[in-house]
Amino acid sequence: MIEIFLFVNPIGIECLSAERSTLRAIEDYPDTVHYSFVPLINLKIVKHYMELKHIDPTDLKAQNEINRVAYSVALDFKAASFQGTKKARQFLLFMQSAINEHDRQYTPSLIEEGLKLAHIDVTMFWEDRHSTYVKSGYEKDLAAATRMGVETAPSMVLFDYSKDIDHSGLLVAGCTNENIIRGLFSHAGDLGDHAAGHSRRHFHVL
């Protein structure tokens, strides 16, 4: 069994591409794959987003607004996940596409459009969205990213529990190319060789 954690900027266009590529690769993979999309926001990720959008990196107002929206979408995703991870992923894909591919503004009406598309109960969502569990869940994601050495998005952490008895993980930053992702799945059993001599859950950055 393969387990992957895909750390993403919840409003990032590169991350949208990585998510789509990962989902297509998983569909064709013959063995079991457990996977999670994990929202991640930090200054490095925000700066990279500004670079991709050709936004002046010294524009602090723009930086703060991007951070605010990304953080809000991350919390939206966590709240949506209370009604199912598949629905939450569909919601996230919608939000990233709307913001990046259709230049739509992040608004409550856009959120509710995404919720309805993903068949998420709107009333229940807003109740969960304002609960302490959402923020604590996001903080756990941040802690997981720190443990795994993840600093950029998209980044994939991959484990192969069927062949790697030490449960060593492989960290791959910037994984947006579908062929590369498929190649990672195909060679997942080699993780133990790459991690030989290292401690449990050692991560290798490519």
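Residues numbered from 1 in each chain as written. Predicted model: local features only at pLDDT ≥ 70, side-chain atom pairs only at ≥ 80, totals over all residues. Heavy atoms only, no water.

Visitor: Any chance you could explain the overall build of the chain here in plain terms?
Guide: The number of helices and strands found in the chain is nine helices and five strands. Its helices and strands in sequence order give the chain the pattern β-α-β-α-α-α-α-α-α-β-β-α-α-β, from N to C terminus. Counting the 206 residues in the chain, one finds 49% classified as buried. Taking contacts inside the chain between residues at least 6 apart in sequence as the whole, the part at least 24 apart equals 70%. Counting only carbon and sulfur atoms, one obtains 53% of the accessible surface of the chain, whose full area is about 10500 Å². (Helix = DSSP H or I, 4+ residues; strand = E, 2+ residues; numbered from the N terminus. Buried < 20%, exposed > 50% of the residue type's maximum accessible area, 1.4 Å probe, protein only. Contact = heavy atoms within 4.5 Å. Areas by Shrake-Rupley, 256 points an atom, 1.4 Å probe, with all protein chains shown as cover.)

Visitor: Is there a simple way to think about unusual backbone geometry in this case?
Guide: The phi torsion of most residues other than glycine is negative, and most of the peptide bonds are trans. Cis geometry marks the peptide bond from Ala 153 to Pro 154, where omega comes out at 5°. Here Pro 154 is to be found in the loop between α7 (132–148) and β3 (155–160). Backbone geometry at His 54 places phi at a positive 60°, although glycine is not the residue there. Within the fold, His 54 resides in the loop between α2 (43–52) and α3 (60–81). Residue classification places His 54 among the exposed positions, given a relative accessible area of 75%. Its identity is not glycine, yet Asp 103 carries a phi of approximately 55°, on the positive side. Its location among the elements puts Asp 103 in the loop between α4 (85–101) and α5 (108–117). The class of Asp 103 is exposed, set by a relative accessible area of 61%.

Visitor: Can you walk me through the environment of Ile 55 in this structure?
Guide: Here Ile 55 lies in the loop between α2 and α3. A relative accessible area of 27% means that Ile 55 is categorised as partly exposed. When near neighbours in sequence (up to four residues on either side) are disregarded, Ile 55 contacts Met 50, Ala 62 and Ile 66.

Visitor: Just to check I follow, could you spell out the nonpolar core for this structure?
Guide: One broad trend across soluble globular proteins is that nonpolar side chains are buried collectively. Phe 7, Met 156 and Phe 185 are the most contacted members of the largest nonpolar core, which has 63 residues in total. Beyond its immediate stretch of four places on either side in the chain, Met 156 contacts Ile 4, Phe 5, Leu 6, Thr 22, Leu 170, Leu 171, Val 172, Cys 175, Ile 181, Leu 184 and Phe 185. (Core = buried A, V, L, I, M, F, W, Y, C linked by side-chain atoms within 4.5 Å.)

Visitor: Before we go on, may I ask you to explain the layout of surface pockets in this structure?
Guide: Gaps left between atoms are located by rolling a probe of water-molecule size over the structure's atoms. Its boundaries defined by the atoms lining it, the largest pocket holds a volume of some 310 Å³. Surrounding the largest pocket, 13 residues form its lining, Tyr 49, Ile 99, Arg 104, Gln 105 and Tyr 106 being those nearest its centre. The element that contributes the greatest number of residues to the lining of the largest pocket is α3, accounting for four residues. Roughly 230 Å³ of internal volume is contained in the second largest pocket. At the level of elements, β1 (2–8), β2 (33–39), α3, α4 and α7 are the ones that each hand at least two residues to the lining of the second largest pocket. Of the residues assigned to the lining of the second largest pocket, the class counts are nine nonpolar, three polar and four charged. (1 Å grid on protein atoms, 1.4 Å probe; cavity = no way out; pocket = protein on both sides within 12 Å on 5 of 7 lines; lining within 4 Å. Points joined across faces, edges and corners; volume = space filled by probe spheres on them. Nonpolar A, V, L, I, M, F, W, Y, C, P; charged D, E, K, R; others polar.)

Visitor: Help me out: how do you make sense of the packing of aromatic side chains in this one?
Guide: Aromatic ring pairs are defined here through the distance separating the ring centres and the angle between the ring planes. Counting across every chain of the model gives five aromatic pairs. Judged by centre distance (6.3 Å) and plane angle (45°), the ring pair of Phe 91 and Phe 125 falls under tilted. On the criterion of sequence distance, the pair formed by Phe 91 in helix α4 and Phe 125 in helix α6 (residues 122–129) is long-range, its members being 34 residues apart. Owing to a relative accessible area of 0%, Phe 125 belongs among the buried residues under this scheme. A centroid spacing of 5.0 Å and a plane angle of 75° characterise the contact between Phe 125 and Trp 126, whose relative ring orientation is edge-to-face. Feature note: the residues Phe 91, Phe 125 and Trp 126 constitute an aromatic cluster, connected by ring pairs. (Phe/Tyr/Trp six-rings, centres within 6.5 Å; stacked < 30°, edge-to-face > 60°.)

All quantities given are derived from atomic positions and should not be read as evidence of function.
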